[in-house]
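Report on the structure
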Amino acid sequence: MIGQARDSGLPGRLISRRSSKRERGEGSERREKPPLILKYHNGPLLKGNITVNLIWYGSFTPIQRSIIVDFILSLTPPSTKSHPAELPSVASWWQITALYKGGPCTVALGKQLLDEDYSLGKFLHPSQITALSSRLPHRNAVNLVLTAADVVPDGFCMSSCGSHASGLAGKHKKARFAFAWVGNPDLQCPGQCAWPFHQPMYGPQTPPLVPPNGDVGVDGMIITLATVFAGAVTNPFGNGYFQGPATVPLEAVSACTGIFGSGAFPGYPGNVLVESGSGASYNANGVNGRKFLLPAIWDPETSACKTLV
């Protein structure tokens, strides 16, 4: 749910909040659909070189952190002739954002901060998410707050699985910055925020897919992270690309909810790739041999949701 503009009274003022509630089972229809239009509202986008800083709030294992770090590194991997990207890839998915006005966005991993002692408690208000995001530099960056499975941010599981927003920083609170938050749904709502790796809370009860990295919660976080990060880049301040009212926008990925492969329909994620040994489902290759399942993203050239497979 998108909250109202508010003054947090803490470093970085929360001025907008766009959430990603991936209500499961909302996919493409079998019949022909009219073009999907995400209007550009003439605002600034995040283009050029963007750094992603990570704030780990709560307990994450080293393996869990490596999965998310590898996803970030896969968005813009080093390009060498000796190690060409295996297609379909996370990088080819991210390149679709280059079709939006302003050209490509090159992503680099920045600093990481671990807060394993729950310094603000386990129940977080939006202003506290903003405060956490302000703990690392945010110039030409998107600071990503990742909350552990036992942390309860306001609205988590009830209205969102993650969100992106913008704040004000600097001496006179005039410098705008974008940030995002994603929660681990493993203990609280895997049926809502980790579908299709868990049976959905509502709708058709199809068998869940096997997560490509063996972690239902973190593989679910990757889907939400892809959703909110694409939204942060293409609609960082509420006047970029979206459909509908600015208070509840459908953005680059949230407009394509529930679609992961061709032939998707409500309750069925679509045709995806399956690893022969583990039976894990995926549609994108990443660095270090990683595999991920990424949601469809809106393609401005075709005015349609585009999948990798």
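Here's a quick rundown of the structure. (Residues numbered from 1 in each chain as written. Predicted model: local features only at pLDDT ≥ 70, side-chain atom pairs only at ≥ 80, totals over all residues. Heavy atoms only, no water.)

1. Quick notes on the nonpolar core
Of all hydrophobic cores here, the largest spans 70 residues; its most connected members are Phe71, Leu75, Trp93, Trp94, Leu146, Phe229 and Leu294. Not counting residues within four places of it along the chain, the set of residues in contact with tryptophan 93 comprises Leu75, Ala226, Ala230, Val253, Leu294, Pro295, Ala296, Ile297 and Leu308. One finds Phe197, Leu209, Ile223 and Phe260 within the second-largest nonpolar core, a separate group that totals 7 residues. (Core = buried A, V, L, I, M, F, W, Y, C linked by side-chain atoms within 4.5 Å. Buried < 20%, exposed > 50% of the residue type's maximum accessible area, 1.4 Å probe, protein only. Contact = heavy atoms within 4.5 Å.)

2. Quick look at unusual backbone geometry
Cis geometry marks the peptide bond from leucine 87 to proline 88; its omega dihedral reads -5°. Its location among the elements puts proline 88 in the loop between α1 (62–75) and α2 (90–94). Following tryptophan 195, the chain continues into proline 196 via a peptide bond in cis, with omega recorded as 15°. With respect to the helices and strands, proline 196 occurs in the loop between α4 (190–193) and α5 (216–234). For asparagine 140, which is not a glycine, the phi torsion comes out positive at approximately 50°. For asparagine 140, the position within the fold is in the loop between α3 (126–133) and β6 (141–147). Unlike most non-glycine residues, cysteine 157 shows phi in positive territory, near 75°. With respect to the helices, strands and loops of the structure, cysteine 157 is situated in the loop between β7 (152–153) and β8 (162–169). (Helix = DSSP H or I, 4+ residues; strand = E, 2+ residues; numbered from the N terminus.)

3. Remarks on the state of the cysteines
Applying the stated rule across the entire model yields 3 disulfides. Across a sulfur-sulfur distance of 2.0 Å, cysteine 157 and cysteine 189 are joined as a disulfide pair. Between cysteine 157 and cysteine 189, the S-S dihedral sits near -70°, and the bridge is therefore left-handed. Within this pair, whereas cysteine 157 is found in the loop between β7 and β8, its partner cysteine 189 is found in the loop between β9 (175–183) and α4, the two being separated by 32 residues in sequence. In this structure, cysteine 157 and cysteine 189 share a single accessibility class: buried. Sequence-ordered numbering of the bonded cysteines in the protein yields a pairing of 1-3, 2-4, 5-6. (Disulfide = S-S within 2.5 Å.)

4. Some points on α1
The terminal C-alpha atoms of α1 lie 20 Å apart, and with 14 residues this matches the ideal 20 Å at 1.5 Å per residue to within 8%. Of all 14 residues that make up α1, 10 are buried, and the element is covered over most of its length. Buried residues along α1 sit in contact with β3 (48–57), α2, β4 (105–115), β6, α5 and β14 (291–292). (Expected span 1.5 Å × (residues − 1).)

5. Some points on the environment of threonine 227
Considering the arrangement of structural elements, one finds threonine 227 in helix α5. On the basis of relative accessible area, threonine 227 is assigned to the buried category, the value being 5%. Considered as a pair, threonine 227 and cysteine 161 are 66 residues apart in the sequence and their alpha carbons are 10.0 Å apart.

6. Let's talk about the environment of threonine 106
When you line up the elements, threonine 106 lands in strand β4. Counting along the chain gives 12 residues from threonine 106 to tryptophan 94, while the straight-line C-alpha distance between them is 9.3 Å. Here threonine 106 is in contact with Gly48, Asn49, Ile50 and Thr76, once residues within four sequence places are set aside.

7. Quick notes on the packing of aromatic side chains
Here the structure, examined in full by the defined rule, presents 13 aromatic pairs. Consider the rings of phenylalanine 71 and phenylalanine 292, whose centres lie 5.5 Å apart with planes at 70°: the pair is edge-to-face. Placement of the pair is phenylalanine 71 in helix α1 and phenylalanine 292 in strand β14, with a sequence separation of 221 residues. Across the pair, exposure class does not vary: phenylalanine 71 and phenylalanine 292 are buried alike. Connected via pairs of aromatic rings, a cluster forms that spans Tyr40, Tyr100, Tyr241 and Trp298. Stacked on the ring of tyrosine 118, the Lys or Arg lysine 122 has its end atom at 4.7 Å from the ring centre. Lying across the ring of tyrosine 282, lysine 291 places its NZ or CZ 4.6 Å from the centre. (Phe/Tyr/Trp six-rings, centres within 6.5 Å; stacked < 30°, edge-to-face > 60°. Lys NZ or Arg CZ within 6 Å of the ring centre and 35° of its normal.)

8. Quick look at the pairing of β6
Buried residues dominate β6, accounting for 7 of its 7 residues. Here β6 shows two buried faces, one formed by Ala141, Asn143, Val145 and Thr147 and the other by Val142, Leu144 and Leu146. Both β3 and β6 contribute to a ladder of 7 bridges, which runs parallel. Pairing of leucine 54 across the sheet is with leucine 144, part of β6. Bridge analysis of β6 against β9 gives 6 bridges, and the strand direction is parallel. What sits directly across from threonine 147, in β9, is glycine 183. (Pairing = 2+ DSSP bridges.)

9. Notes on α3
Counting buried positions along α3 gives 8 out of 8 residues, so the element sits mostly inside the fold. Restricting attention to buried positions, one finds in α3 the residues Pro126, Ser127, Gln128, Ile129, Thr130, Ala131, Leu132 and Ser133.

10. Things to note about the packing of α1 against α5
Close contact between α1 and α5 brings their axes to 10 Å; oriented N to C, the two are set at 35°. As α1 runs across α5, the sense of the crossing is right-handed. In this structure, α1 contributes Gln64, Ile67, Ile68, Phe71, Ile72 and Leu75 to the contact, and α5 contributes Val218, Met221, Ile222, Leu225, Ala226 and Phe229. Across the contact of α1 with α5, the residue classes break down as 11 nonpolar, 1 polar and no charged. (Axes fitted to C-alpha atoms, helices over the stretch in contact; angles between N-to-C directions. Left-handed = near helix turned anticlockwise from the far one by under 90°. Nonpolar A, V, L, I, M, F, W, Y, C, P; charged D, E, K, R; others polar.)

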